[in-house]
Amino acid sequence: MSGPQTPEPALRIQGDAPTGARDEDAADGIQHSHRMLSFSDALLSIIATVMILPVTHTEISPEQFDKSIQKLLATRIAVYLMTFLIVTVAWAAHTRLFQVVGKIDDTLALLNLACMMTITFLPFTFSLMVTFPEVPLGIFLFCMCVITIGAVQALIVVYAFHFPHLLNPQIESSAHRALYRQHILGIVLRGPALCFVAAGFSLFFYPLSYLLMAMVIFLPYVSKVSSWCKGRLVGPQEPPAHSMEFFTFDLHEPLSKERVEAFSDGVYAIVATLLILDICEDNVPDPRDVKEKFHGSLVAALSVYGPHFLAYFGSFATVGLLWFAHHSLFLHIRKATQSMGLLNTLSLAFVGGLPLAYQQTSAFARQPHDELESVRVSCAIIFLASIFQFAIWTTALLHEGETLQPSARFGGREHAFMFAKLALYPCASLLAFASTCFLSRFSTAIFHLMQIAVPFAFLLLRLLVRLGLALLCAMRGLTQPATQAEGDAHAPLLPAAC
């Protein structure tokens, strides 16, 4: 039996290279990939977010809002969520790939542009899917785009391993490069292989194509469950010395925290931009109407659009405060695991649905008899976007020693404040939704009250948490003997100041 083998060093996340090394690489035609990755993250976040536009621009008149239209809208939302998640799978594969490829040259940059060009075509195929749900051409083209993306990423892998100086230093100096290449190609091509089968089924039985496309999203988690079942049946197996812990389906495997933040910021920024685009497109009065109906008074003409502006400011405040909560959360996160990345993706998918919430709430004046349903749809979108943020926090707490900064761990000085901050929007939206069940006549007022109250609640939150913790410390000091005060100062439920 061979002795224990020393595992190869863990992969270093890409960092800034010394100035001399950058100059030397530039002279050899080699570049660091930071700017290209920033461009790719921005483009992917835009593509993932703009696919909500075919849903928000569904024309529904008041007399047409029946069960069939609701079913059509629900189907479009479901397809949007699936395609959003597939785009984020492509982004995750791109992130993994460029943890392996440390540097780029002109050929790799052009291959990456080919990959991005194919991704930019996805919104068109999605529009075909939601406009003609019973015609298989949209599904077929979407699958072909995913297959092309996988093929280009496979070319990037083959090219980078053919020129090892482009790889991460740990991979470049490894004796198992061929095994690494085979392993990475297998993972990169799993999703496109499923889409290849889905494209075939779309020609004669398209419902199965949707199921296969959904499997692309959950493939890492199915693989993890199958590995766990195999371990229970066969027993744990010692991993080989050449295993690649940084390019696997391990749910605790770290993601690039910086790229997760960049992708998330892109989604929030695009959602906020889509809101103002809708304002510019739909709420600028026609000059002839201003002259004929409002006697040349632009102020009077704009006053008609008051509910639209109110819905815009409320929606923008919601997007901004959800970003604020996301920023605060990732400020305290040290390492983002793959399961946390999935929860972040689900949260971003519903953040991408906030333009739909804006469209629903801005239509109160046009469709007053449907305002109750519009309020409930908006509350549900906000609740789901925020509750998945809270789930990221909960998942991080399960492995807080690895994933969280000490101040945010259970018992840290920021723990109670972060808990309250992340719980604010789920509680407010759930309360607003429940209130409409008992006070349906005041559903619009309840929703607007929530949009106005939550920003002020964020401003008062830190003060309220500090006062609550101080009161808790004072009550604890009154109920315990003075001799135990020092020993209880570091109790898990109290801040360090107590």
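Residues numbered from 1 in each chain as written. Predicted model: local features only at pLDDT ≥ 70, side-chain atom pairs only at ≥ 80, totals over all residues. Heavy atoms only, no water.

Caption draft 1: Geometry of the packing of aromatic side chains. Here the structure, examined in full by the defined rule, presents 7 aromatic pairs. A ring pair is formed by Phe-121 and Phe-124, whose centres lie 5.2 Å apart and whose planes are at 45°; its orientation type is tilted. Owing to a relative accessible area of 44%, Phe-124 belongs among the partly exposed residues under this scheme. Among the aromatic side chains, those forming a connected cluster through ring pairs are Phe-324, Tyr-425 and Phe-458. (Phe/Tyr/Trp six-rings, centres within 6.5 Å; stacked < 30°, edge-to-face > 60°. Buried < 20%, exposed > 50% of the residue type's maximum accessible area, 1.4 Å probe, protein only.)

Caption draft 2: Quick peek at the pattern of salt bridges. As enumerated under the stated definition, the model contains 3 salt bridges in all. A salt bridge links Glu-402 to Lys-335, with the shortest nitrogen-to-oxygen separation between them at 3.3 Å. On the criterion of sequence distance, the pair formed by Glu-402 in helix α19 (residues 400-403) and Lys-335 in the loop between α15 (306-331) and β4 (336-337) is long-range, its members being 67 residues apart. In this structure Lys-335 comes out as partly exposed when scored by relative accessible area, which is 22%. (Salt bridge = Lys/Arg side-chain N within 4 Å of Asp/Glu carboxyl O. Helix = DSSP H or I, 4+ residues; strand = E, 2+ residues; numbered from the N terminus.)

Caption draft 3: Highlighting the environment of Phe-330. Structurally, Phe-330 can be placed in helix α15. Measuring from C-alpha to C-alpha, the distance between Phe-330 and Trp-393 comes to 9.2 Å, with 63 residues separating the pair along the chain. In this view, Phe-330 contacts Lys-257, Val-260, Glu-261, Ala-336 and Asn-344; residues no more than four positions away in its chain are not counted. (Contact = heavy atoms within 4.5 Å.)

Caption draft 4: Main features of the packing of helix α6 (residues 122-131) against helix α7 (residues 137-162). Orientation of α6 relative to α7, taken along the N-to-C sense of each, is 155°, at an axis distance of 8 Å. Comparing their axes, α7 and α6 come out roughly antiparallel. The element α6 and its partner α7 pack so that their crossing is left-handed. Between α6 and α7, the contacting residues are Leu-122, Thr-125, Leu-128 and Met-129 on the first element and Gly-138, Ile-139, Leu-141, Phe-142, Cys-145 and Ile-149 on the second. Counted by class, the contact of α6 with α7 contains 8 nonpolar, 2 polar and no charged residues. (Axes fitted to C-alpha atoms, helices over the stretch in contact; angles between N-to-C directions. Parallel < 35°, antiparallel > 145°, perpendicular 65-115°, else oblique. Left-handed = near helix turned anticlockwise from the far one by under 90°. Nonpolar A, V, L, I, M, F, W, Y, C, P; charged D, E, K, R; others polar.)

Caption draft 5: Structural context of the packing of helix α9 (residues 177-188) against helix α10 (residues 190-202). Direction vectors running N to C along α9 and α10 enclose 40°, while the axes themselves pass 4 Å from each other. Taken together, the axis directions place α9 and α10 in an arrangement best described as oblique. Taking contact as the criterion, the partners of Gly-186, Ile-187 and Val-188 in α9 are, on α10, Arg-190, Gly-191 and Pro-192. When its residues are assigned to classes, the contact of α9 with α10 shows 3 nonpolar, 2 polar and 1 charged.

Caption draft 6: Expanded view of the side chain of Ser-347. Here Ser-347 is to be found in helix α16 (residues 338-351). Beyond its immediate stretch of four places on either side in the chain, Ser-347 contacts Tyr-268, Ala-385, Phe-388 and Gln-389.

Caption draft 7: Region of the structure containing the nonpolar core. If you look at the biggest cluster of nonpolar residues, it comprises 118 residues, and the most contacted ones within it are Ile-119, Met-213 and Leu-354. If one sorts the elements of this core by residue count, α7 sits on top with 14 residues. Not counting residues up to four positions away in its chain, the partners in contact with Leu-354 are Val-271, Leu-275, Thr-318, Val-319, Leu-322, Ile-381 and Ile-382. (Core = buried A, V, L, I, M, F, W, Y, C linked by side-chain atoms within 4.5 Å.)

Caption draft 8: The arrangement of the state of the cysteines in detail. Counted by the stated rule, this structure contains 0 disulfides. The thiol sulfur of Cys-195 is not disulfide-bonded, and the nearest other cysteine sulfur, from Cys-143, lies at 4.8 Å. (Disulfide = S-S within 2.5 Å.)

Caption draft 9: Examining the confidence of the model for the protein chain more closely. Summarising the model, the protein chain shows a mean pLDDT of 75, and 74% of its residues fall at 70 or more. For the protein chain, the element scoring lowest by mean pLDDT is helix α1 (residues 19-27), at 47; helix α5 (residues 106-120) scores highest, at 89. A low-confidence stretch, residues 60-65 stays under pLDDT 50, and its non-local contacts, those more than four residues away or across chains, total 13 contacts. Note that residues 239-243 has pLDDT below 50 and, in this model, 6 contacts with residues that lie over four places away or in other chains. (pLDDT = per-residue confidence, 0-100.)

Caption draft 10: Just the environment of Val-377, in detail. Residue position: Val-377 is located in helix α18 (residues 371-398). Separated by 20 residues in sequence, Val-377 and Ala-357 have C-alpha atoms that sit 6.9 Å apart.

Caption draft 11: View of a nonpolar patch on the surface. On the surface, Ile-452, Phe-456, Leu-459, Leu-460, Leu-463, Leu-464 and Leu-467 cluster together into a nonpolar patch covering about 760 Å² of accessible area. As for its position among the elements, Phe-456 is in helix α21 (residues 443-479). (Patch = residues over 30% accessible without salt bridge, like charges linked within 9 Å, V, L, I, M, F, W, Y side chains within 5 Å. Areas by Shrake-Rupley, 256 points an atom, 1.4 Å probe, with all protein chains shown as cover.)

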